[in-house]
Amino acid sequence: VQLQASGGGLVQAGGSLRLSCVASGRTFSVYSMGWFRQAPGKEREFVAAVSWSGGSTYYADSVKGRFTISRDNAKNTVYLQMNSLKPEDSAVYYCAADRDVLFRDVRSLATYDYWGQGTQVTVSS
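Residues numbered from 1 in each chain as written. Predicted model: local features only at pLDDT ≥ 70, side-chain atom pairs only at ≥ 80, totals over all residues. Heavy atoms only, no water.

With that out of the way, let us pick up the pairing of strand 11 (residues 119-124). In regular strands, side chains alternate between the two faces of the sheet. Burial along strand 11 is one-sided: Thr119, Val121 and Val123 are buried, while Gln120, Thr122 and Ser124, pointing the other way, are not. One ladder, built from 4 bridges, connects strand 2 (residues 9-12) with strand 11; its direction is parallel. For Leu10, the partnering residue across the bridge sits in strand 11 and is Thr122. Sheet topology note: the strand 9 (residues 91-98)/strand 11 ladder contains 3 bridges and is antiparallel. Along strand 11, the bridge assignment pairs Tyr93 with Thr119. (Buried < 20%, exposed > 50% of the residue type's maximum accessible area, 1.4 Å probe, protein only. Helix = DSSP H or I, 4+ residues; strand = E, 2+ residues; numbered from the N terminus. Pairing = 2+ DSSP bridges.)

A word on the sheet that holds strand 1 (residues 3-6). Spatially, 4 strands are ordered 1-3-8-7 in an open sheet, and the strand pairing comes out antiparallel. Whereas interior strands pair on both sides, the edge strands pair on one side only; in this sheet they are strand 1 and strand 7 (67-72). Across the sheet, the axes of successive neighbouring strands diverge by a mean angle of 15°, strand direction being ignored. Of the pairings in the sheet, the one linking strand 3 (residues 17-23) to strand 8 (residues 77-82) comprises 6 bridges and is antiparallel in character. Its bridge partner lying in strand 8, Leu17 is registered against Met82. (Axes fitted to C-alpha atoms, helices over the stretch in contact; angles between N-to-C directions.)

A separate point is the state of the cysteines. Throughout the structure, instances matching the rule amount to 1 disulfide. Disulfide pairing is shown between Cys21 and Cys95; the S-S distance is 2.1 Å. Disulfide Cys21-Cys95: torsion about the S-S bond near 60°, hence right-handed. With Cys21 in strand 3 and Cys95 in strand 9, this pair connects stretches of sequence that are 74 residues apart. Across the pair, Cys95 and Cys21 agree in class, each one buried. (Disulfide = S-S within 2.5 Å.)

This part is about a nonpolar patch on the surface. A cluster of nonpolar residues, Val30, Trp52, Val101 and Leu102, forms a patch on the protein surface that exposes about 350 Å² of accessible area. Position of Val101 among the secondary structure elements: in the loop between strand 9 and strand 10 (114-115). (Patch = residues over 30% accessible without salt bridge, like charges linked within 9 Å, V, L, I, M, F, W, Y side chains within 5 Å. Areas by Shrake-Rupley, 256 points an atom, 1.4 Å probe, with all protein chains shown as cover. Salt bridge = Lys/Arg side-chain N within 4 Å of Asp/Glu carboxyl O.)

What follows is the structure, encoded as structure tokens:
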């Protein structure tokens, strides 16, 4: 499975961006998907995850109420809608896929089997 993230850019505080992650392969629909981010000098951290069906989602407290994760299995794509962006949201954002159909341990980097290349999000104050 290959993951291709896009949609990053430069936005002012309070603005919005939508990230997309397109997956290759026919088994995308059974994978749980997650978004992580990594700011310079910091560890990669969990942002959001969605179950294979889209019926379950989970968010980091720092983005809850501002970010929405969703997926379109017909398009092999997972999205991250980011609203009310803050300068502290600036980071490289990565999408990741978990082959396990069970939606568990989604905050852990070790849960995920495949990673995309990342897309830069910069929020100016």
